[in-house]
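This is what each chain is made of:
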Amino acid sequence: ILHYKIKTKLGMPKKEVRALTASKEDYLKIIYQEGGEHRLVSNKTIAMKLSVSPASVTEMIGKLKQEALIEYVPYKGSMLTDKGKEWCMKIIRAHRIWEVFLTEYLGYTLKEAHEDANLLEHIASDRIIERLNEFLRRPSHSPNGKSIPS
């Protein structure tokens, strides 16, 4: 799995740390949203969706490929590996659980919930997402009707 725990001097888990940056997660999410589960997604598409330069995309694609999160075909595009798909499902799950919480308990609009869930999905530990999911009684869909991955 792509996270690890920092141990205290007593050998007890101190804090869960994610191995991917928010930026890497955003790239994976865009590749997924653009069909990268089943087809190649061009660097140009990724650059447009993330509003970044083509050079930035090329650099990040290299990092994602090195971590075995994507397969890359020069001049054609990128596609998620199984490991990349697993990360995407984790990110999307966290995002949609946050959307449920924000709309149902804090009175957010769908737009507001989506915006803040984009921030929260990157910083919440697996533990908080699981506990939030339990608190919400394991919803099956987000407020906009999208299925929540298990």
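Look a little higher up for the structure.
Residues numbered from 1 in each chain as written. Predicted model: local features only at pLDDT ≥ 70, side-chain atom pairs only at ≥ 80, totals over all residues. Heavy atoms only, no water.

Caption draft 1: View of the overall build of the chain. When helices and strands are tallied, the chain shows 6 helices and 4 strands. Split into buried and exposed, the 150 residues of the chain put 36% on the buried side. (Helix = DSSP H or I, 4+ residues; strand = E, 2+ residues; numbered from the N terminus. Buried < 20%, exposed > 50% of the residue type's maximum accessible area, 1.4 Å probe, protein only.)

Caption draft 2: View of the nonpolar core. Judged by nonpolar contacts, the single largest core of 18 residues is most densely connected at Leu-28, Ile-31, Ile-46, Leu-64 and Ile-70. Secondary structure elements with two or more residues in this core: helix H1 (22–33), helix H2 (43–50), helix H3 (54–66) and helix H4 (82–106). Among residues more than four places away in sequence, those in contact with Ile-70 are Leu-28, Ile-31, Ile-61, Leu-64, Lys-65, Ser-78, Met-79, Leu-80 and Thr-81. Judged by nonpolar contacts, the second largest core, of 13 residues, contains Phe-101, Leu-132, Leu-136 and Ile-148. (Core = buried A, V, L, I, M, F, W, Y, C linked by side-chain atoms within 4.5 Å. Contact = heavy atoms within 4.5 Å.)

Caption draft 3: The arrangement of the packing of aromatic side chains in detail. All told, the structure shown has 4 aromatic pairs when counted by the stated rule. Their ring planes at 20° and their centres at 5.8 Å tell us that Phe-101 and Tyr-105 sit as a pair that is stacked. Taken as a pair, Phe-101 and Tyr-105 lie in helix H4 at a separation of 4 residues, close to a single helical turn. On the accessibility criterion, Phe-101 (18% relative accessible area) is buried. For the ring pair Tyr-105 and Phe-135, a centre distance of 5.0 Å and an interplane angle of 50° mean the geometry is tilted. Of this pair, Tyr-105 sits in helix H4 while Phe-135 is found in helix H6 (residues 126–135), placing the two residues 30 residues apart along the sequence. Among the aromatic residues, those joined into a cluster by ring pairs are Trp-98, Phe-101, Tyr-105 and Phe-135. Taking NZ or CZ as reference, Lys-90 lies 4.6 Å from the ring centre of Trp-87, over its face. (Phe/Tyr/Trp six-rings, centres within 6.5 Å; stacked < 30°, edge-to-face > 60°. Lys NZ or Arg CZ within 6 Å of the ring centre and 35° of its normal.)

Caption draft 4: Here's a closer look at the pattern of salt bridges. With the rule as written, the count across this model stands at 10 salt bridges. In this structure, Lys-24 and Glu-67 form a salt bridge, with 2.3 Å as the shortest nitrogen-oxygen distance. Placement of Lys-24 in helix H1 and of Glu-67 in the loop between H3 and strand S3 (70–73) is noted, with a sequence separation of 43 residues between them. By relative accessible area, which is 13% here, Lys-24 ends up buried. The salt bridge partner of Arg-93 is Glu-130, with a shortest N-O separation of 3.1 Å. Of this pair, Arg-93 sits in helix H4 while Glu-130 sits in helix H6, and the two are 37 residues apart along the sequence. (Salt bridge = Lys/Arg side-chain N within 4 Å of Asp/Glu carboxyl O.)

Caption draft 5: Here's a closer look at the pairing of strand S4 (residues 77–80). Pairing between S3 and S4: 4 bridges, direction antiparallel. Across the sheet, residue Glu-71 finds its bridge partner in S4, namely Met-79. Between the end of S3 and the start of S4, which pair antiparallel, lie 3 residues, with Tyr-75 showing a positive phi angle near 65°. (Pairing = 2+ DSSP bridges.)

Caption draft 6: Here's a closer look at the packing of H4 against H6. Relative orientation of the contacting elements H4 and H6 amounts to 45°, with a least axis distance of 10 Å. On the basis of their axis angle, the class for H4 and H6 is oblique. Both H4 and H6 take part in a crossing whose hand is left-handed. Contacts between H4 and H6 pair Lys-90, Arg-93, Ala-94, Ile-97, Trp-98, Phe-101 and Tyr-105 from the former with Asp-126, Ile-129, Glu-130, Leu-132, Asn-133 and Phe-135 from the latter. For the contact of H4 with H6, a count of residues per class yields 8 nonpolar, 1 polar and 4 charged. (Axes fitted to C-alpha atoms, helices over the stretch in contact; angles between N-to-C directions. Parallel < 35°, antiparallel > 145°, perpendicular 65-115°, else oblique. Left-handed = near helix turned anticlockwise from the far one by under 90°. Nonpolar A, V, L, I, M, F, W, Y, C, P; charged D, E, K, R; others polar.)

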